[in-house]
Amino acid sequence: MKVTILHNPRCSKSRNSLALLKEQGIEPDVRLYLEDPPTEEELTSILEMLTLPAQDLLRRGEPEYKELGLGNQNYSQQQLIQLMIKHPKLIERPIVIAGGKAIIGRPPEQVLNLL
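Since the model is a prediction, treat every value here as computed from it, not as a measurement.

Engineer: Just checking my understanding: could you explain the pattern of salt bridges for this structure?
Structural biologist: When charged atoms on two side chains of opposite charge get close, those side chains can pair. This structure, assessed with the given rule, holds seven salt bridges. Residue Glu27 pairs with Lys22 through a salt bridge whose shortest N-O separation is 3.9 Å. Judged by relative accessible area, which is 62%, Glu27 ranks as exposed. Residue class for Lys22 comes out partly exposed when judged on its relative accessible area of 41%. Across the pair Glu92 and Arg106 runs a salt bridge whose closest N-O atoms are separated by 2.7 Å. Within this pair, whereas Glu92 is found in the loop between helix H4 (77-86) and strand E3 (95-98), its partner Arg106 is found in the segment after strand E4 (101-104), the two being separated by 14 residues in sequence. Classification of Glu92 as buried rests on a relative accessible area of 15%. It is possible to trace a salt-bridge network through shared partners that takes in Arg59, Glu62, Glu92 and Arg106.

Engineer: Any chance you could explain unusual backbone geometry here in plain terms?
Structural biologist: Working note: non-glycine residues mostly have negative phi, and peptide bonds are mostly trans. Following Arg93, the chain continues into Pro94 via a peptide bond in cis, with omega recorded as -15°. By the element assignment, Pro94 lies in the loop between H4 and E3. A cis geometry characterises the amide bond from Arg106 onward to Pro107, with omega recorded as -5°. Tracing the chain through its elements places Pro107 in the segment after E4.

Engineer: Is there a simple way to explain the nonpolar core in this structure?
Structural biologist: When a protein is soluble and globular, its nonpolar side chains tend to lie buried together. Ranked by internal contacts, the top residues of the largest apolar core, which has 21 residues, are Leu57, Leu58, Leu70, Met84, Ile91 and Ile95. Only helix H2 (40-50), H4, E3 and E4 provide two or more residues apiece to this core. Apart from residues no more than four positions distant in its own chain, Ile95 is found in contact with Thr4, Ile5, Leu6, Ile46, Leu57, Ala102, Ile103 and Ile104. Of all hydrophobic cores here, the second largest spans 11 residues; its members include Val3, Ile5, Ile26 and Leu114.

Engineer: Explain the environment of Arg15 to me, please; I cannot follow it from the model alone.
Structural biologist: Looking at where Arg15 falls in the secondary structure, it is placed in helix H1 (residues 12-23). Each C-alpha atom of the pair Arg15 and Glu42 lies 22 Å from the other, and the pair is 27 residues apart in sequence.

Engineer: Explain the sheet that holds E4 to me, please; I cannot follow it from the model alone.
Structural biologist: Two pairing modes exist for strands in a sheet, parallel and antiparallel, and in both the strands are linked by backbone hydrogen bonds. Strand order across the open sheet formed by four strands is E2-E1-E3-E4, with mixed pairing between neighbours. Looking at which strands have only one partner, the edges of the open sheet turn out to be strand E2 (29-32) and E4. Strand after strand, the sheet turns through a mean of 20° between neighbouring axes, direction not considered. Note: strand E1 (residues 3-7) against E3, four bridges, orientation antiparallel. The residue bridging Val3 from the neighbouring strand is Ala98, located in E3. Running at roughly 160° to E1, H1 makes contact with E1, E2 and E3 of the sheet. Together, E1, E2, E3 and E4 form the strand contacts of H2, whose direction differs from that of E4 by roughly 80°.

Cut-offs applied
Residues numbered from 1 in each chain as written. Predicted model: local features only at pLDDT ≥ 70, side-chain atom pairs only at ≥ 80, totals over all residues. Heavy atoms only, no water. Salt bridge = Lys/Arg side-chain N within 4 Å of Asp/Glu carboxyl O. Buried < 20%, exposed > 50% of the residue type's maximum accessible area, 1.4 Å probe, protein only. Helix = DSSP H or I, 4+ residues; strand = E, 2+ residues; numbered from the N terminus. Core = buried A, V, L, I, M, F, W, Y, C linked by side-chain atoms within 4.5 Å. Contact = heavy atoms within 4.5 Å. Pairing = 2+ DSSP bridges. Axes fitted to C-alpha atoms, helices over the stretch in contact; angles between N-to-C directions.

As structure tokens, then:
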């Protein structure tokens, strides 16, 4: 089974999720999503796999969240996806994808539910 992790090496939750996968003998495809953001199609697919609206995938503590007024604006799903592509720091992390399903590694142990 192919496993992919949208990873930020500066994030402890992301590092711990990657370590847990490796402890299970899984060598995932590591995608540094801040350098290589997901496309509109990929992000739409990830949201469907997570069964989440785009608003729930936003990192509310990021400066861009406040600067863009994401907490008090009525953005459409499509607008939020475009903003996450333009500002990938807004995407919650890490996201692990496997077997047509996805999960957010918060806490990191959540990724084990995907295997």
